[in-house]
Amino acid sequence: MAESLVAPVPSNVAIRLFGPALCRALLALVLLLAGAEGCVRPRFGGSPSAVVLEVSNKGWTDITVLVERGGVRHRLGLSSALSERRFRIPAEVAPAGETIALLADPVGSSEVYRSPSVRIEAGIVIVWTLQNNLAQSSLRTR
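Remember, it's a predicted structure, so these values are computed and weren't measured experimentally.

Caption draft 1: Layout of the overall build of the protein. Assigned secondary structure in the protein consists of two helices and nine strands. Taken from the N to the C terminus, the helices and strands of the protein come in the order α-α-β-β-β-β-β-β-β-β-β. When each of the 142 residues of the protein is scored for burial, the buried share is 30%. Counted over contacts in the protein with a minimum sequence separation of 6, partners at least 24 positions apart contribute 52%. When the accessible surface of the protein is totalled, it reaches about 9700 Å², and 58% of it is carbon and sulfur.

Caption draft 2: Representation of the packing of aromatic side chains in the model. Counting across every chain of the model gives one aromatic pair. Arranged with centres 6.4 Å apart and planes meeting at 25°, the rings of Tyr-113 and Trp-128 form a pair that is stacked. Taken together, the residues span a long stretch of sequence, with Tyr-113 in strand S6 (residues 113-114) and Trp-128 in strand S8 (residues 125-130) at a distance of 15 residues. The exposure class assigned to Tyr-113 is buried, which follows from its relative accessible area of 18%.

Caption draft 3: Just the sheet that holds S8, in detail. The strand order S4-S1-S8-S9 describes an open sheet built from four strands, whose pairing is mixed. In the strand order of this sheet, the two ends are held by strand S4 (83-89) and strand S9 (138-141), each with one partner. Each neighbouring strand pair of the sheet contributes to a mean axis angle of 15°, computed without reference to strand direction.

Caption draft 4: Here's a closer look at the nonpolar core. Membership of the largest hydrophobic core comes to 22 residues, with the highest contact counts inside it found for Leu-53, Val-65, Ile-89, Ile-100, Ile-126 and Trp-128. Of all the elements in the fold, those that place two or more residues in this core are strand S1 (51-57), strand S2 (63-69), S4, strand S5 (99-106) and S8.

Caption draft 5: Expanded view of the pattern of salt bridges. Taken as a whole and judged by the stated rule, the model has five salt bridges. Of the charged contacts, one joins Glu-54 and Arg-142 as a salt bridge, the two residues approaching to 2.7 Å between their closest N and O atoms. Separated by 88 residues along the polypeptide, Glu-54 in strand S1 and Arg-142 in the segment after S9 bring together distant segments of the chain. Salt-bridge contacts for Glu-68 lead to Arg-73; the nearest nitrogen and oxygen are separated by 3.6 Å. For Glu-68, a relative accessible area of 14% corresponds to the buried category.

Caption draft 6: Here's a closer look at unusual backbone geometry. Its identity is not glycine, yet Leu-82 carries a phi of approximately 50°, on the positive side. A relative accessible area of 59% means that Leu-82 is categorised as exposed.

About the thresholds
Residues numbered from 1 in each chain as written. Predicted model: local features only at pLDDT ≥ 70, side-chain atom pairs only at ≥ 80, totals over all residues. Heavy atoms only, no water. Helix = DSSP H or I, 4+ residues; strand = E, 2+ residues; numbered from the N terminus. Buried < 20%, exposed > 50% of the residue type's maximum accessible area, 1.4 Å probe, protein only. Contact = heavy atoms within 4.5 Å. Areas by Shrake-Rupley, 256 points an atom, 1.4 Å probe, with all protein chains shown as cover. Phe/Tyr/Trp six-rings, centres within 6.5 Å; stacked < 30°, edge-to-face > 60°. Pairing = 2+ DSSP bridges. Axes fitted to C-alpha atoms, helices over the stretch in contact; angles between N-to-C directions. Core = buried A, V, L, I, M, F, W, Y, C linked by side-chain atoms within 4.5 Å. Salt bridge = Lys/Arg side-chain N within 4 Å of Asp/Glu carboxyl O.

The values are spatial; any link to function lies outside them.
Rendered as structure tokens:
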């Protein structure tokens, strides 16, 4: 008689102890948790590279505020006439070290005002004062 060259297959201890249904459930849980790790997002104040934009609209029209980086525009929101508004610019839109421009698009007008370029640094606050005549608007950082 010839001896078998195939090693014996070890019995699966986990399946024997816990049953196949529980093992499948544990495997599904591990895979679910591994996939959910990338879904966690930082809270508003949690990102050190968050950029804050303070808009003071001294004009008589509502203004749509946008950020432009690399030719791509991202809408931040609406600044109502004669009001002040604070926006958070996500780090994905304006990462540190990049240069952006702000756009003021008056509601009901075909003209868009483009601010001077701003180089982004971690924790920067941009203060943008919009005048009724947008060409007279001012921009500063702190």
